[in-house]
Each structure stands twice: as C-alpha cells, then as structure tokens.
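# Commentary on secondary and tertiary structure
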Amino acid sequence: MATPTLPTSAGSRLKQLPVISHLRMSSGLRRGMLIAGLVLSALFLLCALLAPLIAPFDFAQSSDASGDFPRQAAPDGKFIWGTTSTGYDVFTRTLYGAQTAIWVIVAAVIMSLFVGVLLGLVSGYLGGWFDRIMVVLADAIYAFPSLLLAIVMSIVISQGQSSLFGGIMAAAISITVVFIPQYFRVVRAEVMRLKAEPFVESAQVIGASPWRVMFTHLLRNSTRTLPLIFTLNATEALLTLAGLGFLGFGIEPTAASEWGYDLNRAMSDATSGIWWTGLFPGLAIVLTVMGLTLVGESMNDLNDPRLRRFSRKKAKRITQSAQAGAAQ
C-alpha cells in the first residue's frame, strides 16, 4: 500500500521549524547548550502554566484558616521556601512570578514584532522620505538607555495604576518601545536587499500592487532571522521587567507577583541574614535568562554557515580518529 503524502509533508514541515531544525543540525557543545536552554525554558513555561495548580496559596495570600502567616519565617514543612517580610509565601510568589513574566514577554514581543515588521516592510520597500524619517526615529530611540526609556514610558502609561492588566500592559508597552527599532532595522535591511531580486521584479512586471509584493513575496523571506531576535528579546524583556519592579515602577504585589519587586523587598532582609526571600526570585531570573540566552545564542551560531562548517569538519575529524583507533 502506498505511503500517504500528508504525514510525510507534515513531518518535513515539522523538521523545518526553527528550534527543531537547529536541534537536528547541532552537535557536540552546541547541542548541549541548546538542549540545556530548552530544558530551562520549558521549566519556566511549565511553572507559568501550572502555577495555580502547584502553588499552595494565592500570590497575595498572607493568612489562612489558622491565622496570619508568620513574617520572615524560615523554610519549613508548610512554607518550603519561607515567607517574606509581609507574610507572603516565597514559593508561591516565585511560581506566580513566572506567570507574570510570560505574560509581559508575550505581550511585549508580539506588539513590537507586529509594529516593527510592518514599519520595516513599508520603509524598506518604499524608501524615500518615509524611510529617512523612520531611520532617524529608530536612531533616536537607540540613543536613550533602554531601562530609562522604559521607566519614562511606564510612568506615562500606568499613571499610578496598579491593576493586573494595567501593570502588565504598562510594562509590556514600555518594553515594546525599546524593541521596535530592532525588528524594524532587521526587516528593513532584508527588504532592501530582496526588493532587487528577480522574483520581486517579476511580480512588479505582472502588475502586483506594492502591498501584495510586500506581504506575499517579501514578508516570508525577510523574517527568517526573527526567531533568533525573539529569544534574545525575551531575555531583555524579562530583565527590563525585573528592573522596573526592582526600582519601584513595576506591578504592585496585590495585583500580581513579580520577581523584581520581591528582590527589592528582600534587600533589607539580606543584611539581617534572611537569605530565602531574595535567593529564590533571584535564581528564577538567572535561570530563566540563562535558558533563553542559551537557546538564542545556539540558534545564532547554527545559523552562521562558517561556524556550521567548522562544526562539521571537527565532527568528521573526531569520527575519523575514532575509526582509526578502532582499526588499530
């Protein structure tokens, strides 16, 4: 019986997805880095998705049927990671902090991706005065420190609001402003290179409109490197969110759990020998950023043809040496 073509086509498409294709072509140290990054990133996602099921309390809960929670209590059977100076469970706050972080990362990256890609397509294809204005605006945003710009935007957007939606959107929009120029520059450079290719000129000759050329022919070919930028920008979004919370411009603890705010509150505890209130939120930030960075850097290395050829030659030499040793 003949093999159906649909599963084969679906399987080939699955193998071409960014992370899967990079995992297949990797070897040695780069494969280990990529797998370690994927494991840490998957752990981060699982904590965010399963926080309501795993956490023993609510993120803003400081009492139960037995009474108020003790403040700055050391880790024990009930509070496995101890409690904060305000009586919150550290384990619960850390789990729900992953949920807040993933919401902000997704919102910030999606908004900046949409706006940055759209502006890059239009600016790179049309050129002229619009392109010059957009390049100047992108350079102007680059001139400001990203965290300072995020603080200013957070103050302007939030206006003292501390609700869950308002706090997350304020942080996400402030981060989006910083990320838009990165997507804009990458897409604009690719579009300017591709618009002189024969397939674009052929589409123009047969009468395709500029919008059809941009979104049908240029968009798919100019966004191949965006998954790499996505992973690196996710780490920047997480660090910016933590920086905003640490400096007091983030989300209030009664609206959502946020690692940067918890670290800010744990500063005074560290001088008193109370280590558990700051250790676990800090480790959560470090491990999450490390995982996303390993994924992004590994994908970036595997996309470089020179490094890929070097890895293949090195793997071939190792294989030949092993075969020679076995023959002896």
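Residues numbered from 1 in each chain as written. Predicted model: local features only at pLDDT ≥ 70, side-chain atom pairs only at ≥ 80, totals over all residues. Heavy atoms only, no water.

## Quick word on the nonpolar core
Note the following rule: As used here, the term nonpolar core means buried Ala, Val, Leu, Ile, Met, Phe, Trp, Tyr and Cys residues forming a set that is joined through side-chain atoms within 4.5 Å. Throughout, exposure labels follow a simple rule: accessible area from a 1.4 Å probe, protein chains only, divided by the maximum for the residue type, with under 20% read as buried, over 50% as exposed, and the rest as partly exposed. A run of H or I in DSSP becomes a helix once it reaches four residues, and a run of E becomes a strand once it reaches two; helices and strands are each numbered from the N terminus. By the convention used here, residues are in contact when the closest approach between their heavy atoms is within 4.5 Å.
Phe44, Ile105, Leu121, Ile175, Val213, Leu218 and Trp259 are the most contacted members of the largest nonpolar core, which has 48 residues in total. Among the elements of the structure, α3 (28-54), α4 (90-126), α6 (146-158), α7 (164-194), α8 (198-205), α9 (210-222), α10 (226-246) and α12 (276-303) are those that each provide at least two residues to this core. If one sorts the elements of this core by residue count, α4 sits on top with 11 residues. Contact partners of Val213, with chain neighbours within four places excluded, come to Tyr125, Val200, Ala203, Gln204, Ala208 and Leu218. Ala55, Phe59, Leu95 and Tyr96 belong to the second largest nonpolar core, which has six residues in total.

## Quick look at the side chain of Thr92
To keep things clear, this is the line we draw: Pairs of N or O atoms are called polar contacts if they sit within 3.5 Å, as long as, within protein, a hydrogen donor faces a hydrogen acceptor (for residues adjacent in sequence, only side-chain-to-side-chain pairs).
Within the secondary structure, Thr92 sits in helix α4. Within the structure, Thr92 has its side chain in polar contact with the side chain of Asp89 (distance 2.7 Å). When residues no more than four places from it in sequence are discounted, the contact partners of Thr92 are Ala55, Pro56, Phe57, Asp58 and Phe59.

## So, the confidence of the model for the protein
Keep this limit in mind: The predictor reports its confidence for every residue as pLDDT, a score running from 0 up to 100.
Per-residue confidence for the protein gives a mean pLDDT of 77, with 78% of residues at or over 70. For the protein, helix α13 (residues 305-327) is the element with the lowest average pLDDT, namely 51, and α4 is the one with the highest, namely 87. The low-confidence segment residues 1-8 (pLDDT under 50) makes one contact with residues lying over four places distant or belonging to another chain.

## Examining the environment of Ile274
Within the secondary structure, Ile274 is located in the loop between α11 (259-270) and α12. Look at Ile274 and you get buried, because its relative accessible area is 12%. For Ile274 and Gly82, which are 192 residues apart along the polypeptide, the C-alpha to C-alpha distance reads 9.7 Å. Setting aside anything within four residues of it in sequence, one finds Ile274 in contact with Gln72 and Asp269.

## A look at the environment of Thr231
Within the secondary structure, Thr231 is located in helix α10. Taking relative accessible area as the criterion, Thr231 reaches 9% and is therefore assigned buried. Spatially, the C-alpha atom of Thr231 lies 9.5 Å from that of Val109, the residues being 122 residues apart in sequence. The contacts of Thr231, once residues within four sequence positions are left out, are Leu292, Val295, Gly296 and Met299.

## A short note on the pattern of salt bridges
What counts here: Salt bridge criterion: a side-chain nitrogen from Lys or Arg within 4 Å of a carboxyl oxygen from Asp or Glu.
The tally for this structure, following the rule as stated, stands at five salt bridges. Of the charged contacts in the structure, one is a salt bridge between Arg93 and Asp262, with a shortest N-O distance of 2.9 Å. Here Asp262 lies in helix α11 and Arg93 lies in helix α4, a separation of 169 residues in the sequence. Overall, Arg93 belongs to the buried group, its relative accessible area being 2%.

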